[in-house]
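Residue strings, one per chain:
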Amino acid sequence: MPIRVTLDEVITRKGIKARELAARVGISETQLSLFRSGKVKGIRFRTLAKMCAALECKPGDLLDYQFDAGDLADVPPDDEEG
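Read on for an overview of the structure. A quick note: this is a predicted structure, and the numbers were derived from the prediction, not measured. (Residues numbered from 1 in each chain as written. Predicted model: local features only at pLDDT ≥ 70, side-chain atom pairs only at ≥ 80, totals over all residues. Heavy atoms only, no water.)

So, on to a nonpolar patch on the surface. Among the surface-exposed residues, Ile3, Tyr65, Phe67 and Leu72 lie close enough to one another that they form a single nonpolar patch of about 460 Å² accessible area. By the element assignment, Tyr65 lies in strand β2 (residues 63-65). (Patch = residues over 30% accessible without salt bridge, like charges linked within 9 Å, V, L, I, M, F, W, Y side chains within 5 Å. Areas by Shrake-Rupley, 256 points an atom, 1.4 Å probe, with all protein chains shown as cover. Salt bridge = Lys/Arg side-chain N within 4 Å of Asp/Glu carboxyl O. Helix = DSSP H or I, 4+ residues; strand = E, 2+ residues; numbered from the N terminus.)

Here you go:
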């Protein structure tokens, strides 16, 4: 998958424990772990905003994108976001 979660790098750089971040954001440690590992299909903008506030960062600090030409392929109408 071309989207990579870089949350661990930010957590390390900020010197915060994942347990503390989960408590500040109001999510379970399991939910945070799933996000950190990239095993979620999505995240609510509100949760992302809380993470950014707690870590004093921007969403782009938590996610990275590796270009994949396949991402430009036609998407069936039911799968389009919008």
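In this section: the nonpolar core. Grouped together as the largest cluster of nonpolar side chains are 19 residues, with contacts concentrated most on Leu7, Leu21, Leu32, Met51, Leu55 and Leu62. The set of elements that each furnish at least two residues to this core consists of α1 (7-14), α2 (18-25), α3 (29-36) and α4 (45-55). Per-element accounting of this core gives the leading share, 5 residues, to α4. Beyond its immediate sequence surroundings of up to four residues, Leu7 is in contact with Leu21, Leu32, Phe35, Arg36, Met51, Leu55 and Leu62. (Core = buried A, V, L, I, M, F, W, Y, C linked by side-chain atoms within 4.5 Å. Buried < 20%, exposed > 50% of the residue type's maximum accessible area, 1.4 Å probe, protein only. Contact = heavy atoms within 4.5 Å.)

Right, let's get into the environment of Asp61. Considering the arrangement of structural elements, one finds Asp61 in helix α5 (residues 59-62). Residue classification places Asp61 among the partly exposed residues on the basis of a relative accessible area of 34%. Sequence spacing of Asp61 and Thr6 is 55 residues, and the spatial spacing of their C-alpha atoms is 7.0 Å. Not counting residues within four places of it along the chain, the set of residues in contact with Asp61 comprises Thr6 and Val10.

Note that every value here comes from positions in space, so none of it alone points to a role or purpose.
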